Number of protein chains: 4
Amino acid sequence: MLIKIEFESDIPIYEQLKRQIIMGIAKGEFKPGEELPSVRQLSGDIGINLHTVNKTYNILKEEGYLTINRRKGAMVKDELPDAKEEYIHILKDELSYLIADAKNRGINMEDFSKICLDIYSEFEKEV
Amino acid sequence: MLIKIEFESDIPIYEQLKRQIIMGIAKGEFKPGEELPSVRQLSGDIGINLHTVNKTYNILKEEGYLTINRRKGAMVKDELPDAKEEYIHILKDELSYLIADAKNRGINMEDFSKICLDIYSEFEKEV
Amino acid sequence: MLIKIEFESDIPIYEQLKRQIIMGIAKGEFKPGEELPSVRQLSGDIGINLHTVNKTYNILKEEGYLTINRRKGAMVKDELPDAKEEYIHILKDELSYLIADAKNRGINMEDFSKICLDIYSEFEKEV
Amino acid sequence: MLIKIEFESDIPIYEQLKRQIIMGIAKGEFKPGEELPSVRQLSGDIGINLHTVNKTYNILKEEGYLTINRRKGAMVKDELPDAKEEYIHILKDELSYLIADAKNRGINMEDFSKICLDIYSEFEKEV
DNA sequence: GTGGTCTAGACCACG
DNA sequence: GTGGTCTAGACCACG
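Treat the numbers as computed from the prediction; the structure is a model and nothing was measured. (Residues numbered from 1 in each chain as written. Chains lettered and ligands numbered in written order. Predicted model: local features only at pLDDT ≥ 70, side-chain atom pairs only at ≥ 80, totals over all residues. Heavy atoms only, no water.)

The environment of DNA strand E is made up of 27 residues, and the closest members are Ile13(D), Tyr14(D), His51(D), Thr52(D) and Lys55(D). Within the contact set of DNA strand E, a phosphate oxygen lies 2.8 Å away from a backbone nitrogen or oxygen of Asn49(D). A distance of 2.7 Å is found between a phosphate oxygen of DNA strand E and a side-chain nitrogen or oxygen belonging to Lys55(D). Taken together, the elements giving at least two residues each to the surface near DNA strand E come down to α1 (13-26) and α3 (50-62) of chain A, α2 (39-46), α3 (50-62) and β1 (66-69) of chain B together with α1 (13-26) and α3 (50-62) of chain D. Grouping the amino acids of the surface near DNA strand E by side-chain chemistry returns nine nonpolar, eleven polar and seven charged. (Near = heavy atom within 4 Å. Polar contact = N/O pair within 3.5 Å; in protein donor to acceptor, adjacent residues only side chain to side chain. Helix = DSSP H or I, 4+ residues; strand = E, 2+ residues; numbered from the N terminus. Nonpolar A, V, L, I, M, F, W, Y, C, P; charged D, E, K, R; others polar.)

Rotating chain C by 179 degrees about the axis while translating it 0.0 Å along that axis superimposes it on chain D, leaving an RMSD of 0.2 Å. These values place the two chain copies in the arrangement generated by a two-fold rotation axis. Proximity to the rotation axis, assessed at the C-alpha, singles out Ser113(C) in chain C; its C-alpha lies 3.4 Å from the axis. (Least-squares fit on C-alpha atoms with pLDDT ≥ 70 in both.)

Moving on: helix α1 (residues 13-26) of chain B. Its 14 residues place the ends of α1(B) 20 Å apart at the C-alpha level, agreeing with the 20 Å of an ideal helix rising 1.5 Å per residue. Burial within α1(B) is extensive, with twelve of its 14 residues counted as buried. Every buried residue belonging to α1(B) is among Glu15(B), Gln16(B), Leu17(B), Lys18(B), Arg19(B), Gln20(B), Ile21(B), Ile22(B), Met23(B), Gly24(B), Ile25(B) and Ala26(B), and all of these are buried. On its buried face, α1(B) is in contact with α4 (85-104) of chain A together with α2, α3, β2 (73-76) and α5 (109-124) of chain B. Positive backbone phi, approximately 85 degrees, marks Gly28(B), located one or two places after α1(B). (Expected span 1.5 Å × (residues − 1). Buried < 20%, exposed > 50% of the residue type's maximum accessible area, 1.4 Å probe, protein only. Contact = heavy atoms within 4.5 Å.)

Note on interface size: it is often stated as the accessible area lost on association of the parts. Contacts between chain D and chain A engage four residues on the former and four residues on the latter. With both sides pooled, the region where chain D packs onto chain A buries about 330 Å², and carbon together with sulfur makes up 33% of that total. Counting the surface chain D buries against chain A, the share from its top three residues, Lys61(D), Thr67(D) and Arg71(D), is 58%. Linking chain D with chain A are one salt bridge, by the criterion used here. Here Asp10(A) makes a salt bridge to Lys61(D), at a shortest N to O gap of 3.5 Å. The residue inventory of the side of chain D that touches chain A, partitioned by class, reads no nonpolar, two polar and two charged. (Buried area = accessible area lost by both parts, 1.4 Å probe. Salt bridge = Lys/Arg side-chain N within 4 Å of Asp/Glu carboxyl O.)

Turning to the arrangement of the chains, a few remarks are in order. Where chain A comes nearest to chain C, the C-alpha atoms are still 21 Å apart, and the two do not contact one another. Here chain B and chain D are not in contact; the least distance found between their C-alpha atoms is 10 Å.

Right, let's get into the packing of aromatic side chains. Pairs of aromatic rings are described using the distance from one ring centre to the other and the angle between the two planes. As enumerated under the stated definition, the model contains four aromatic pairs over all chains in all. Plain terms: the ring middles of Phe112(A) and Tyr120(B) are 6.0 Å apart, the flat faces sit at 65 degrees to each other, and that makes the pair edge-to-face. Linking Phe112(A) in helix α5 (residues 109-124) with Tyr120(B) in helix α5, this pair reaches from one chain into another. By relative accessible area, which is 2% here, Tyr120(B) ends up buried. In this arrangement the basic side chain of Arg105(B) is found over the ring face of Tyr87(A), its NZ or CZ atom lying 4.4 Å from the centre. Residue placement shows Lys55(C) over the ring face of Tyr14(C); its charged tip is 4.3 Å from the ring centre. (Phe/Tyr/Trp six-rings, centres within 6.5 Å; stacked < 30°, edge-to-face > 60°. Lys NZ or Arg CZ within 6 Å of the ring centre and 35° of its normal.)

What follows concerns the pattern of salt bridges. When their charged atoms lie close together, side chains carrying opposite charge are able to pair. Under the counting rule described, the total for this entry stands at 30 salt bridges over all chains. Note that Asp101(A) and Arg105(A) form a salt bridge whose closest N and O atoms lie 3.0 Å from each other. Its salt-bridge partner being Lys18(D), residue Glu63(D) comes within 3.0 Å of it at the nearest N-O pair. A residue pair is termed long-range when its members are at least 10 positions apart, and Glu63(D) in the loop between α3 and β1 (66-69) and Lys18(D) in helix α1 qualify at 45 residues. Overlapping salt bridges, with partners in common, bring together Lys18(A), Glu63(A), Asp101(B) and Arg105(B) in one network.

On to the interface of chain C and chain D. Taken together, the 39 residues of chain C in the interface contact 39 residues of chain D. Interface area for chain C against chain D, summed over the two sides, is near 4300 Å², with a carbon-plus-sulfur share of 70%. In this assembly, chain C and chain D are joined by four salt bridges. For the salt bridge of Glu63(C) with Arg105(D), the shortest nitrogen-to-oxygen distance reads 3.5 Å. For the pair chain C and chain D, the interface holds 19 residue pairs in polar contact (both at pLDDT 80 or more). Secondary structure elements with two or more residues in the side of chain C that touches chain D: α1 (13-26), α4 (85-104) and α5 (109-124) of chain C.

What follows covers the protein's contact with DNA strand F. Near DNA strand F, the surroundings consist of 27 residues, among which Ile13(B), Tyr14(B), His51(B), Thr52(B) and Lys55(B) are the closest. Residue Lys55(B) places a side-chain N or O atom 2.7 Å away from a phosphate oxygen belonging to DNA strand F. Between Val39(D) and DNA strand F, the recorded distance is 3.1 Å, taken from a backbone N or O atom to a phosphate oxygen. For the surface near DNA strand F, the secondary structure elements donating two or more residues are α1 and α3 of chain B, α1 and α3 (50-62) of chain C together with α2 (39-46), α3 and β1 of chain D. Among the residues making up the surface near DNA strand F, the classes are represented as nine nonpolar, eleven polar and seven charged.

Parsing chain A into structural domains produces domain 1 (13-76) and domain 2 (85-124). Each of domain 1 of chain A and domain 2 of chain A has a C-alpha centre, and these two points are 26 Å apart. (Domains from an automatic or database assignment.)

Moving on, we come to a negative patch on the surface. On the surface, Glu6(A), Glu8(A), Asp93(B), Asp78(D) and Glu79(D) cluster together into a patch of negative charge. With respect to the helices and strands, Asp78(D) occurs in the loop between β2 (73-76) and α4 (85-104). The class for Asp78(D) is exposed, based on a relative accessible area of 54%. (Patch = residues over 30% accessible without salt bridge, like charges linked within 9 Å, V, L, I, M, F, W, Y side chains within 5 Å. Areas by Shrake-Rupley, 256 points an atom, 1.4 Å probe, with all protein chains shown as cover. Lys, Arg positive; Asp, Glu negative; His and termini not counted. Charge placed at Lys NZ, Arg CZ, Asp CG, Glu CD.)

Rendered as structure tokens:
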């Protein structure tokens, strides 16, 4: 999978990496049960600090995406995390802001749905 | 309008305030042409520093939401900002990550659309 | 002469007014020896505070552009101010910054001269 | 590079600093890709507050001159900003006023061009 | 009365 | 070690 970090972004590298792995899983590029590259390898490939990859892996473990084994490294969980109440709450908060901003800028419900639908089908394409 | 800041949150106070004002505009609680509270008043009401409110107002000015007049204070612009290409790009990036995470957690297209629709109609209720 | 104030601008109103009067003189719309509108009239026409017009007139008097007579009001001096050393110094400072910024943004000497020439001939047109 | 602030000036310190950095770039004293001093170092050298330097750096980032990296500090962008329409508009406004004032004071087109040419060639001397 | 600027000092996140 | 955020407090310009 291709990981692309924007070094000039305001979003911290560990957060960018986390998002890309989550999007990689949604696209089926990383499948449940599959091993992720080792911390050493991934940090070397991307050209970032070893601790940064480690931080990302640990956050993804906390969120229920990965298991980390001292010998076998990181692996995508067989069962992906489900949508707990707390998660739904955060999702709605984020969406409320995004939708408010979009609505203010003249994007109506149909335009917004169309954008979401395009993204969803992009993820469903290649499983 | 009721502003509610989570002081424990990782999201900076000025950013939380910005989002709440944008949501307030979407809900019609702040209307185009309407004056916002002065930085001193709002900072006093919320219990945060004057400079933090000032920062939020200036960011919203940069984004095209407000005009700031040295003697009359801040006012919602008569014409809200429109959806420039750069904005659409950022919106799609944010949505891609949110949708990927949601999809992984078993939220399908229909569930997601339903959530968005609920939020949209919440904003459309005229106040 | 048409005075146009941008009330949303960061430039103070008295400064905008000063610049417009100086440009009006350069265009020949106000001629040496000519009376300017009274403070009361001008402030009423533009819709700004009486003190603001007063401030502008006093600055222009300081700079050698106007004479102010209690009974006859403000008048453009018969002899416009000349380019003293101090003025030349300030002009060069301003131009140095403008040219540096323009050069950095890819505007070369010819483009810049062309812009200046256009402006000069605009002022020379209608005397 | 030598930074010189006039503490008595009406021009805010952060604005003076911004102009000097832009002139430094035009002169080639700061080259694309080059790192600027840290906010702490520069503020200490000049004898101003750290936040004032920070404000300047952030404005220059907004204008497309710098990138700011939380750990590496500020760097002149590899690609300097280009002359967008909005910029050209502001430049013409500024020049119109400067030229009007100069013309009124007896500086003709040739004198003015000569001054601009001198400044341009000053910037073109490679350092 | 309003925002703008500047200072001083603190703690934090990133890597 | 770097910038980011936040607070507290001061003085000033505008009108």
